[in-house]
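Structural overview for review
Single-letter residue listing:
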Amino acid sequence: MADCSFHPGKDAVGACVSCGKMLCIACRTELHDKVYCPSCANKLFVHADDVKVAPSAPVVQSVSGAWWLLVILPLLFGGWNWIGGIIAWAVNKGKDPKKARSMLIWGIVISVIYIILAVIFLVLVLAGFLVVSLPGVLQQ
Ligand SMILES: [Zn+2]
Ligand SMILES: [Zn+2]
C-alpha cells in the first residue's frame, strides 16, 4: 500500500479523484460520495462559493407606523376600521406580510368591538326610553 502524499509513513486509504494523490484517513475528504485531497476539496469549495449565489432572504421592508392611523382612526368616524385594515393590508402585504396581517386583524377587531359597543349603547338607550315612557304608557 502506498503512503499518503501529504503524510509520508502513513498508509493511504484512497486517492483523490481530482489530482490522484494518495490520501491517508486524515486527508481523505469526501464530497458527494467522491474522495478528494484537502487542497482539491478547498479548491472545489472556493469555486462553488464563487458560483453559487446565496439565496437571498426575503427582504422585509419597513412599513410606516402611520398606517396604524388608518386602522385605528376610523373609530371616530363610524367604525370603518375594517376597511382601513384591508387597505393597510393590501398596500403593505408585499413589504411586511406579518405587520400587514396584524393591521388587517386589528382593523376587523376594532370594528367588531365598535359594533358591539354600538349595540350595547342602542340597547341602553332603548331600555332607558322604555323605563321613562312605560309608566306613561301603562297609565293610559
Ligand atoms: Zn487532489
Ligand atoms: Zn495524509
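Residues numbered from 1 in each chain as written. Chains lettered and ligands numbered in written order. Predicted model: local features only at pLDDT ≥ 70, side-chain atom pairs only at ≥ 80, totals over all residues. Heavy atoms only, no water.

Some details on the coordination of the zinc ion (ligand 2)
The cut-off we apply is this: Metal sites are built from N, O and S donor atoms within 2.8 Å, or 3.2 Å for Na, K and Ca, and they leave out water, so they may look incomplete. In these descriptions, tetrahedral denotes four donors with every angle between 85 and 135 degrees, square planar four donors and octahedral six donors with opposite donors over 155 degrees apart and the rest between 65 and 115, and irregular any other case. Each residue is placed in one exposure class: buried if its accessible area under a 1.4 Å probe, protein chains only, is under 20% of its type's maximum, exposed if it is over 50%, and partly exposed if it falls in between.
Bound to the zinc ion (ligand 2) are the protein donor atoms C4 (SG), H7 (ND1), C24 (SG) and C27 (SG), situated 2.0 to 2.3 Å from the metal. Geometry at the zinc ion (ligand 2) is tetrahedral, judged from the 4 donor atoms that bind it and their angles of 98 to 116° at the metal. Mapped onto the sequence, the donors of the zinc ion (ligand 2) take the spacing C-x2-H-x16-C-x2-C. Its relative accessible area of 3% is what places C4 among the buried residues.

As for the nonpolar core
Generally speaking, soluble globular proteins have nonpolar side chains that are buried together. Note the threshold: Nonpolar cores are built from buried Ala, Val, Leu, Ile, Met, Phe, Trp, Tyr and Cys residues. Side-chain atoms within 4.5 Å join them into one set. Only DSSP runs of H or I reaching four residues or more are called helices, and only runs of E reaching two or more are called strands; each is numbered from the N terminus. Only heavy atoms enter the contact rule, under which two residues are in contact if any of them lie within 4.5 Å.
Within the largest apolar cluster, 10 residues are counted, these being C4, C16, L23, C24, C27, V35, Y36, C37, C40 and A41. Of all the secondary-structure elements, those providing two or more residues to this core are β4 (34-36) and α1 (38-51). For V35, the residues in contact, after removing those within four places along its chain, are A15, C16, V17, L23, R28, T29 and E30.

Quick word on the packing of helix α3 (residues 81-92) against helix α4 (residues 97-139)
Rule in force here: Working convention: axes come from line fits to C-alpha atoms, limited for helices to the stretch in contact. Angles between N-to-C directions cover 0 to 180 degrees. Any angle between 65 and 115 degrees counts as roughly perpendicular, while under 35 counts as roughly parallel, over 145 as roughly antiparallel, and the rest as oblique. Throughout this entry, Asp, Glu, Lys and Arg are counted as charged residues, while Ala, Val, Leu, Ile, Met, Phe, Trp, Tyr, Cys and Pro are counted as nonpolar. The remaining residues, Gly among them, count as polar.
The N-to-C vectors of α3 and α4 enclose an angle of 170°; their axes lie 7 Å apart at closest approach. Regarding the angle of α3 to α4, the classification is roughly antiparallel. Counting all contacts with α3, which are made through N81, W82, G85, I86, A88, W89 and N92, the residues of α4 involved are P97, A100, R101, M103, L104, G107, I108, I110 and S111. Class assignment of the residues belonging to the contact of α3 with α4 gives a composition of 10 nonpolar, 5 polar and 1 charged.

Topic: the packing of aromatic side chains
Defined as follows: In this analysis, rings of Phe, Tyr and Trp, with Trp reduced to its six-membered ring, are considered paired at centre separations within 6.5 Å, and the interplanar angle assigns stacked below 30 degrees, edge-to-face beyond 60, and tilted for intermediate values. Each ring is checked for a lysine NZ or an arginine CZ that lies within 6 Å of its centre and within 35 degrees of its normal; such an atom marks a charge sitting over the ring.
Scanning the entire structure with this criterion turns up 0 aromatic pairs. Cation over ring: K93 sits above W89, and NZ or CZ is 4.6 Å from the ring centre.

A word on the side chain of N92
Tracing the sequence through the fold places N92 in helix α3. On the basis of relative accessibility, which here comes to 0%, the residue N92 falls in the buried class.

A closer look at the coordination of the zinc ion (ligand 1)
Around the zinc ion (ligand 1), the protein contributes the donor atoms C16 (SG), C19 (SG), C37 (SG) and C40 (SG), which lie 2.2 to 2.3 Å from the metal centre. Considering all 4 donor atoms around the zinc ion (ligand 1), the spread of angles at the metal, 98 to 119°, places the coordination shape in the tetrahedral class. By relative accessible area, C19 is classed as partly exposed at 41%. Given a relative accessible area of 7%, C40 falls into the buried group.

Thoughts on unusual backbone geometry
Positive phi, normally seen in glycine, also occurs at H32, with a value near 50°. With respect to the helices and strands, H32 occurs in the loop between β3 (29-31) and β4. Although it is not a glycine, D33 adopts a positive phi angle of roughly 65°. Locating D33 in the fold gives a position in the loop between β3 and β4.

Description of the confidence of the model for the chain
Should the pLDDT be low somewhere, the predicted coordinates at that spot are not to be read in detail. Definition in use: How sure the predictor is of each residue is captured by pLDDT, a score from 0 to 100.
Per-residue confidence for the chain averages 87 on the pLDDT scale, and 89% of its residues sit at or above 70. By mean pLDDT, the top-scoring element of the chain is strand β2 (residues 22-23) (94), and the lowest-scoring one is α1 (75).

Observations concerning the environment of D3
Using the following cut-off: Two N or O atoms count as a polar contact when they lie within 3.5 Å, although within protein this holds only if one can serve as hydrogen donor and the other as acceptor, and sequence-adjacent residues are included solely when both atoms are side-chain atoms.
With respect to the element layout, D3 can be found in the segment before β1 (14-15). Taking the C-alpha atoms as reference points, D3 and M22, 19 residues apart in sequence, are found 6.8 Å from one another. Other than its neighbours up to four places away in sequence, D3 contacts P8, G9, K10, D11, A12 and M22. A polar side-chain atom of D3 sits 3.0 Å from the main-chain amide nitrogen of G9.

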